[in-house]
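# Examining the three-dimensional arrangement
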Amino acid sequence: MDRRLSRRGALALAAVGIVGCLGDSDSGPYDGNGESNATTTGGMETTPDDDAIADSPLPIRDGQLPVEYELKALREAVVRSVVPQDGIPAVDGPEFEPVDDVGDRIRDGDPVFGVRRGGEAKAYPQSILVHHEIVNDEIGGEPVAVTYCPLTGTAMGFERGDTTLGVSGHLLNSNLVMYDRADESYWPQMLATAIEGDLEAASLLEFPVVWTTWERWIEAYPDSTVLTEETGYARDYDGDPYGTYNPKTGYYGEDSDWMFDPLQADDSHPPKQVFLCSRPEDGPLAISLEALREHGVYGIDRAGHDYLAAYDPELEFGRLYRTEDADAFDYEDGAVIDPDGDRHDPTDLALEAVYAYDAMWFAWKGFYPSTTVHD
Amino acid sequence: MTDSTARLRRRLHETVLASRVAVRRADSVGVAFATAIAYLFGFLWATNSFTVRFGAGFSWRLVDDPFTRALERRGPTSFEPIAVVDAGFGTVLLAPIDLGIGIALSALVGLNVALAYLALVQPASCGIGAGAGAAAAVPALLSGSVCCAPVVLLVLGIQASGALLTVLPWLLPLGAALLVGSLVYVAGKVGLERGPMDSEPNR
């Protein structure tokens with residue numbers, strides 16, 4: 001990454017000079033304080049248009065996901081046309097190959113995004129998705145979009161029905177803003193709720209995408225298939241424009257600066273520290289992956305019920321469940337011990353699963369300022 | 001025809017003549033060529049179209065329907081590559097329009113530096129300030145901004161702002177305009193009426 005930074009240093013100096021001439025007082029090296037570019041309101045009050053939902057091929061979630069800003073404030077905070085629409089091209093005709101055919105294309109420690117759904121297991125290398133951000137795929141016969149935003153470190157899956165998702169070229173809170181090609185509504189990935197267009201205030205149906213390493217994924221799912229580099233586009237898939245994850249360098253480094261002002265700035269944690277994040281109806285929560293790894297299980301008390309996060313050592317991934325009494329669970333040698341003393345795989349507890357995904361701290365706190373933090 | 005129009009026409013004519021001189025001498029042609037090649041590689045490197053990677057092997061891959069793909073924009077002044085070429089010492093993304101832009105800029109940079117070279121080796125005859133050609137380096141650097149904006153921001157280490165994102169698409173045309181401007185400026189210093197290689201300086 002250092003090499004990549006240095007080769008652009010000259011461009012940077014030139015650009016700084018020009019922006020300086022324009023008197024752009026907002027530009028300058030990140031000083032760790034950060035500025036917020038939106039103020040929290042009472043949350044989204046807009047409701048979606050039922051007719052638009054009925055006419056849309058996109059599967060829409062029953063009930064809205066929580067959004068902590070009014071949509072107008074979010075639309076005003078969007079950084080528009082960072083690249084042209086589809087300038088980062090989604091993969092619309094993905095091709096896959098068996099794990100055994102991959103060879104040395106993917107190293108053991110390289111990050112991959114895994115999906116197990118409908119009896120099928122598929123892996124999407126981060127090295128490919130960093131250049132495309134969206135793969136319009138079918139898994140288990142169902143049309144889905146597997147999405148990744150490199151700037152917020154979020155990998156999320158969505159049902160897409162008979163349409164496809166594309167990269168709008170806009171960013172909100174550094175996060176990928178997708179657009180659907182049927183209605184051209186705009187969907188920030190982390191919110192999974194449209195902020196603009198006919199479907200505004202409606203929420204997508206999500207499914208979990210596991211962020212793990214190649215070595216761990218193929219050990220867990222040796223029959224998996226993996227996305228090939230035959231994407232229909234010419235890209236240098238050996239290079240990542242933002243840094244590296246194996247090891248973490250550049251933009252992905254925990255203490256590195258964010259690129260775009262977050263909606264709400266908070267320096268209580270390193271900007272890029274990864275949290276297991278969720279936004280259930282009773283309020284968003286973020287659990288430090290580091291703390292979860294250390295404890296194995298992590299209980300969160302909420303009025304009326306608890307949440308239990310469990311660490312899956314096989315995939316190095318966190319799972320979240322809703323339970324009556326999280327304190328009754330324990331963790332031992334990679335297994336969760338239930339109140340009866342029985343051992344369970346952390347991925348398969350007999351509890352209500354709650355959707356959660358990994359995200360960089362600054363991005364999560366920006367979207368969900370009321371989040372509780374557990375570290 | 002107004003005086004200013006006449007002066008502009010005369011200056012452009014002088015630019016053409018001075019450029020012809022620069023490409024007729026073997027030494028200045030050599031300087032121009034070497035500079036242009038070096039700049040072209042730097043341009044491709046800065047725009048992520050060329051990555052030095054020893055042991056990259058030798059292979060190439062062409063996308064389906066390359067003619068259509070080549071016209072798709074992926075940035076304000078950047079278009080889709082149609083092939084990935086591993087050339088042993090590095091990987092090249094072949095984007096025909098970007099390559100064309102790079103070659104045009106490289107030619108302008110080479111010509112600028114060739115005129116600056118003539119000013120250095122024959123200062124009395126040409127009367128060109130040595131610093132004039134050096135100005136070519138500035139637009140040359142600016143022109144590298146065709147690479148994607150977030151990456152430039154990453155290097156800058158700054159938060160994005162409306163002003164910055166507005167400026168970025170203009171860096172390439174601005175760089176090209178500066179190159180043409182410096183060429184015209186340098187050409188105006190050449191004593192063309194008496195022949196650029198006359199013994200007396202023009203001024």
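What you see is a predicted model; the values in this text were computed from it and never measured.

With that settled, the discussion passes to the overall build of chain A. Along chain A, the regular secondary structure elements total eight helices and 25 strands. Relative to its full complement of 375 residues, chain A shows a buried share of 59%. Of the accessible surface of chain A, which amounts to about 14,600 Å², a share of 43% is contributed by carbon and sulfur atoms.

To continue, consider empty space enclosed by the protein. Residues and elements named next belong to chain A. According to the stated counting rule, one finds six cavities of 30 Å³ or more in the structure shown. Here the second largest cavity defines a volume of roughly 120 Å³. Around the second largest cavity, the lining is made up of 14 residues, and of these Val-82, Val-83, Ile-88, Glu-133 and Leu-171 lie nearest the centre. For the lining of the second largest cavity, the leading source of residues is strand β7 (residues 165–172), giving four residues. Partitioned by chemical class, the residues of the lining of the second largest cavity number 11 nonpolar, two polar and one charged.

Per the UniProt record, the feature "transmembrane region" (unreviewed entry) sits at residues 29–46, 99–120, 132–158 and 170–188 of chain B. The span residues 29–46 of chain B shows a helical share of 100% and a strand share of 0%, and its end C-alpha atoms are spaced 25 Å apart.

So, on to the packing of aromatic side chains. Aromatic ring pairs are reported here in terms of the distance separating the ring centres and the angle at which the planes meet. Residue and element names in this part refer to chain A. In total, this model carries 19 aromatic pairs over all chains according to the counting rule given. The interplanar angle of 70° and the centroid separation of 5.3 Å between the aromatic rings of Trp-211 and Tyr-245 together place this pair among those described as edge-to-face. You can see Trp-211 sitting in strand β11 (residues 210–213) and its partner Tyr-245 sitting in strand β13 (residues 243–245), a full 34 residues away along the chain. Each member of the pair Trp-211 and Tyr-245 is classed as buried. Ring plane angle 55° and centroid distance 6.4 Å describe the contact between Phe-367 and Tyr-368, whose orientation is recorded as tilted. Tyr-368 gets classed as buried once you look at its relative accessible area, which sits at 1%. Here the aromatic cluster, defined as three or more aromatic residues joined through ring pairs, consists of Phe-113, Tyr-148, Trp-211, Tyr-242, Tyr-245, Tyr-251 and Tyr-252. Looking at Lys-122, its charged tip hangs above the ring of Phe-96, at a distance of 3.9 Å from the centre.

Attention now goes to helix α2 (residues 26–46) of chain B. All names here are of chain B. Over its 21 residues, α2 runs 30 Å from end to end, which matches the ideal 30 Å to within 8%, given 1.5 Å per residue. Listing the buried residues of α2 in full gives Ser-28, Ala-32, Thr-35, Ala-36, Tyr-39, Leu-40, Phe-43, Leu-44 and Ala-46. Around the axis of α2, the buried residues are gathered within 160° of arc, so they sit on the same side. Counted as exposed and oriented over 90 degrees from the buried face of α2: Ala-26, Phe-33 and Ala-38. Backbone geometry just downstream of α2 places Asn-48 in the positive-phi region, at approximately 65°.

It is worth spelling out the pattern of salt bridges at this point. Residues and elements named next belong to chain A. Enumeration over the complete set of coordinates arrives at 23 salt bridges over all chains. Salt-bridge contacts for Glu-196 lead to Arg-80; the nearest nitrogen and oxygen are separated by 3.2 Å. A residue pair is termed long-range when its members are at least 10 positions apart, and Glu-196 in the loop between β9 (186–188) and β10 (206–207) and Arg-80 in the loop between α4 (71–77) and β1 (96–98) qualify at 116 residues. Taking relative accessible area as the criterion, Arg-80 reaches 36% and is therefore assigned partly exposed. Of the charged contacts in the structure, one is a salt bridge between Glu-97 and Arg-105, with a shortest N-O distance of 2.9 Å. What emerges from the salt-bridge pattern is a single network uniting Asp-86, Asp-92 and Arg-181.

All names here are of chain A. Pairing in this open sheet of five strands is mixed, and the strands run β1-β12-β3-β2-β11 from one edge to the other. Single-partner strands in this sheet number two, and they are β1 and β11. Pairwise comparison of adjacent strand axes, ignoring direction, gives a mean angle of 35° for this sheet. Taken together, the six bridges between strand β2 (residues 111–117) and strand β3 (residues 120–125) define a ladder with antiparallel strand orientation. Bridged to Gly-114 within β3 is Ala-123.

About the thresholds
Residues numbered from 1 in each chain as written. Chains lettered and ligands numbered in written order. Predicted model: local features only at pLDDT ≥ 70, side-chain atom pairs only at ≥ 80, totals over all residues. Heavy atoms only, no water. Helix = DSSP H or I, 4+ residues; strand = E, 2+ residues; numbered from the N terminus. Buried < 20%, exposed > 50% of the residue type's maximum accessible area, 1.4 Å probe, protein only. Areas by Shrake-Rupley, 256 points an atom, 1.4 Å probe, with all protein chains shown as cover. 1 Å grid on protein atoms, 1.4 Å probe; cavity = no way out; pocket = protein on both sides within 12 Å on 5 of 7 lines; lining within 4 Å. Points joined across faces, edges and corners; volume = space filled by probe spheres on them. Nonpolar A, V, L, I, M, F, W, Y, C, P; charged D, E, K, R; others polar. UniProt positions renumbered as here; feature names shortened; annotations may be inferred. Phe/Tyr/Trp six-rings, centres within 6.5 Å; stacked < 30°, edge-to-face > 60°. Lys NZ or Arg CZ within 6 Å of the ring centre and 35° of its normal. Expected span 1.5 Å × (residues − 1). Arc of directions from axis to C-beta. Salt bridge = Lys/Arg side-chain N within 4 Å of Asp/Glu carboxyl O. Pairing = 2+ DSSP bridges. Axes fitted to C-alpha atoms, helices over the stretch in contact; angles between N-to-C directions.

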